[in-house]
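Observations on the model geometry
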Amino acid sequence: MTEPLIFEISSPGRCGASLPACDVPRTPLPAGMVRDDLSLPEVSEVDVIRHYVRLSQLNYGVDKGFYPLGSCTMKYNPKVNEVAARLPGFARTHPYQDPDSVQGNLTLMFELQEYLKELSGFAAVSLQPAAGAHGELTGVLIIRAYHQSRGDSKRTKMLIPDSAHGTNPASTSMCGYTTVEIKSDARGNVDLEDLRAHCDDTVAGLMLTNPNTLGLFDEHVLEIADLVHSCGGLLYGDGANFNALMGIAKPAQLGFDVMHFNLHKTFSTPHGGGGPGSGPVGVSQRLAQFLPGPIVVPAMAEDGWVGGPAEHADEHAEEHTGKHTEEHAEECHALRLAMPKHSIGRVKSFYGNFGVLIKAYTYIRVLGAEGLRQASQDAVLNANYLMHRLKDVYPLPYDRTCMHEFVLGGPPPEAEGVHTMDVAKRLMDYGFHPPTVYFPLIVHEAIMIEPTETESKATLDAFAEAMIKIAEEAVIDPDLLHSAPHVTPVTRLDETRAARRPRLRWVPPRQD
Amino acid sequence: MTYVPHSQAERQAMLAAIGVDRVEDLFADVPEALRFPKVSLPEPLSELEILQELQWMSESNADLDHYACFLGAGAYNHYVPSVVDHVISRSEFYTAYTPYQPEVSQGTLQTIFEYQSMICALTGMEAANASHYDGATSMAEAVLMAVAVSRGRRHKVILSPTIHPEYRETVRTYTQGMGLTVVGDDPGKLREGIDLDLEALKALLDSDTACLIVQNPDFFGQMESPAVLQELADAVHEAGAMFVVSADPISLGLFTPPGDYGADIVVGEGQPLGNAISFGGPYLGYFACKDQFKRKIAGRLVGETVDTHGRRGFVLTLVAREQHIRREKATSNICSNQALCALAAGVYLATLGKRGLRTVAELCYHKAHYAASQIAALEGYELVSKEPFFKEFVVRFPRPVSELNSYLLDEWGIIGGYDLGRVYPHLAGCALLCVTEMNSKGEIDYLVEALTTANFQIEGSAGSREVGS
Ligand SMILES: Cc1ncc(COP(=O)(O)O)c(C=O)c1O
């Protein structure tokens, strides 16, 4: 089942849009600047809709079924979020409007900053970064700016556990630091001995994912924070796994100095086929002035105020002026955009992925503190339940209570010649999206499963049964797995061919 | 409402299967003293209540459905055909993630392949990726790529002062740890306030230069001719550097693509292509380059291939460039991108097609010129922009821009232009106005009328307005 390219259904002269006639006098177009050719498709509106609807049907999404992609938190995306972000009062505002004319937007952003601070324990938050990796870049630049502000230029290394996601070392390099890999111990924690051996005054910091990518909460997180801090480094938190921690622990209290959130994971905003996400960054008080901006602050807050409890800013404003008129009360609640004093600068244009922020805000307001804690608890419950259902059939390299996800060590050893990829592909025949595979790198043939809290026991059971059945098939009929998937719109694709002679675009046929 | 399906009985059954009594037991690894902290958030709301509250909040904004908008400067008010939101609202698209498993992701993969093809067609380039976060980060990624192409041997980046100020800032943020020097964008180098001095830029080229970047149409809306830019491109190439152009994609429906005047990389803000203006995001940065650099592109790339039955299919390809494989050796850390925004852009371009896009660009051009000529004729207003310009132009106002904009907003329901004095001190008193197909002649005339009255109305009481919006 394949769908022609939109270019292949193009017919000269068609247009799918109707546009108003030109109602002003025309101005001659500048000579020598007008293009003569543009190979965009020419299709009708019906062509467009049918094409994209048919393409959508070749996709698998959370709304179709279970999508246990580890490290990605593919939880249900509430529909009210979609309605909220499309309210014209939000969606039809321009980022450069006078702040007085967008107080609704600024209020939503300010409150979201406050909620994220409350959930994490950090002193200040910037909503600007557009994704997790963007948050990492931001956070590492903040760490760098902090050391530089103290005239401490000997710090050149960033410590990164071997279980970390690839974005961590990549972000580190972009900031001019050298990555030093830290080993994991037999229980899947950071190896304290190895860490200690690398802690010296050239260390800028440690990037820790906790729970880590094995789905395990590091049993020595407090010692790790102490070790890093005592050599003058800072502790970065990759918040990709914050779905295990809402109302369970506050990263700032665990010793983290800076962390990014992934609103597209933890806070239920959809993944969009690869994005847009949102990666706000929270920091402790000593790093607050380095945040990228602008961030939203009370209009009456003193210059340079970036964080601390919101009430303070208001109090301060009131003391400051001593006015108590009604107009003043309104002014007091007014908000503005401000750049932190020693900001690393902006990391993108405007203020962040605002439409995504609306969805995360909506989610938090619907769940409240208890609902969020329930979400994290059920995420952890679901992962442990599924892990228990599978661990007698698939190897489990780290057999401990897990958090919101767990990592299996590939197909059963007796299934000779069968690989994790085969299991993943066979899962599609059973109607499931495969888990994350071959990550983290420290587990051979890794199968990383994150069920999330929005899945029922019945779904988890069905998935477990499919996995168990596949383990049997892997021994009895390995070719069934090798040739899988069988029921998908296409079968396995030739990736080598795609990379050897890359065809990255449609090229119009030559007309000669 | 918490979106979790379990009953208490099911939770108990699952806990029993795991072999623990209480769910709290699963958190024994969390330091006890810090476990289950108090979290103070507003009380949970029903769907009805949250929507009422958001409705109220959103209506406290002045939005573009209720106000006439002449503000652009990097975020644009263009018409989005109804089909676009219908397609991106299909949850098969928006509830999927990065298409790691191609057999169940052909929808996403093919739409990206088509998007890449359309971006190549628009820009005159041969390879395009699946998107960056926005126009600003796309430009920063162009810098990283240019440095990587030089194998890290070149350390200088030349930016035109007529590039969007926030893009220039973003480039500086991204590169602050890389030991690069970013030069060329001193606003003092502008001739007659807003004109690019190409000779001054050229003079900065040397063997340490990784790339030179211009924006065309530039931040002020003005355009350079392809011939002049080709000359610049030749000089850049002479110096062994890369020529990067940032362009408004709507303008490319009508004007010469950067590929025709020597660009190696073309980047820009894709928001005008079917994405809501949404207070600055989510948008998408498009990124395209010549074929010879395709293996140095950051981010996701979709390529064509065949399945085991020989049927055409699409996959993420050249993945060995990316962070999950190259880790600290990767040139960029990008992972998630703005895929759904790129889908919107693709649907927009498909719907408009080559004729529709050209029509939109022409409407912008004619309406902007009409507005500019009407305003230029007003006493006290001076048109700073010169031909050719596209959909934006600079006007010197008779009074401070912020004052005039407040008057327009409060008294006429008009969202006025961008106050250039905010970032270009020598342009205090100048506004950057934007006109698109969304502004009818009636609306433009209304603006002109408002500006006419502004001169004498502002001083006195601002309440004596006759025309309502
Ligand atoms: C552990 C971890 N860190 C970082 C990232 C990068 O986040 P993003 O894709 O939002 O940039 C991911 C993404 O999957 C991740 O799983």
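Residues numbered from 1 in each chain as written. Chains lettered and ligands numbered in written order. Predicted model: local features only at pLDDT ≥ 70, side-chain atom pairs only at ≥ 80, totals over all residues. Heavy atoms only, no water.

1. As for the sheet that holds strand β12 (residues 447–449) of chain A
Read from one edge of the open sheet, 3 strands run β10-β12-β11 (chain A), paired in antiparallel fashion. Two strands lie at the open edges of the sheet, namely β10 (406–408) and β11 (436–437) of chain A, each paired on one side alone. (Pairing = 2+ DSSP bridges. Helix = DSSP H or I, 4+ residues; strand = E, 2+ residues; numbered from the N terminus.)

2. Some points on the nonpolar core
The biggest cluster of nonpolar side chains holds 211 residues, and the ones touching the most others in it are L195 and F267 of chain A together with L420 of chain B. It is helix α12 (residues 354–390) of chain A that contributes the most residues to this core, 20 residues altogether. One finds A130, V214, F314 and V360 of chain B within the second-largest nonpolar core, a separate group that totals 79 residues. (Core = buried A, V, L, I, M, F, W, Y, C linked by side-chain atoms within 4.5 Å. Buried < 20%, exposed > 50% of the residue type's maximum accessible area, 1.4 Å probe, protein only.)

3. Focus on a positive patch on the surface
On the surface, a cluster of positive charge is made up of R151, R153, K296, R326 and K329 of chain B. The residue K296 of chain B is located in the loop between β8 (285–289) and β9 (302–306) in this model. (Patch = residues over 30% accessible without salt bridge, like charges linked within 9 Å, V, L, I, M, F, W, Y side chains within 5 Å. Areas by Shrake-Rupley, 256 points an atom, 1.4 Å probe, with all protein chains shown as cover. Salt bridge = Lys/Arg side-chain N within 4 Å of Asp/Glu carboxyl O. Lys, Arg positive; Asp, Glu negative; His and termini not counted. Charge placed at Lys NZ, Arg CZ, Asp CG, Glu CD.)

4. As for the domain arrangement of chain B
All names here are of chain B. For chain B, the domain assignment lists domain 1 (68–79 + 360–456) and domain 2 (82–349). Taking only C-alpha atoms into account, the centre of domain 1 sits 29 Å from that of domain 2. Counting from both sides, the interface comprises 28 residues of domain 1 and, opposite them, 30 residues of domain 2. Around 2300 Å² of area is buried between domain 1 and domain 2 when both sides are counted, 64% of it from carbon and sulfur atoms. By the criterion of area lost to domain 2, the three top residues of domain 1 are K386, F390 and Y424, representing 26% of everything that side buries. Where domain 1 meets domain 2, there are 3 salt bridges. (Domains from an automatic or database assignment. Contact = heavy atoms within 4.5 Å. Buried area = accessible area lost by both parts, 1.4 Å probe.)

5. Section: the side chain of Q106 of chain B
One can find Q106 of chain B in helix α5 (residues 106–123). Looking at Q106 of chain B, its side chain comes within polar contact range of the main-chain oxygen of P102 of chain B, at 3.1 Å. What Q106 of chain B contacts, discounting residues up to four positions off in sequence, is L55, L58, N59, V490 and L493 of chain A together with G313 and F314 of chain B. (Polar contact = N/O pair within 3.5 Å; in protein donor to acceptor, adjacent residues only side chain to side chain.)

6. Quick word on the interface of chain B and chain A
Listed by partner, the interface residues are 188 residues for chain B and 202 residues for chain A. Approximately 16800 Å² of surface area, both sides summed, lies buried where chain B meets chain A, with 63% of it carried by carbon and sulfur atoms. Linking chain B with chain A are 13 salt bridges, by the criterion used here. Residues R26 of chain A and E362 of chain B are paired through a salt bridge, measuring 3.9 Å at the closest nitrogen-oxygen approach.

7. A look at the confidence of the model for chain A
With 95% of its residues at a pLDDT of 70 or more, chain A has an overall mean of 94. Within the model, pLDDT remains below 50 along residues 310–324 of chain A, and this stretch shows 19 contacts once partners closer than five positions in the same chain are excluded. (pLDDT = per-residue confidence, 0-100.)

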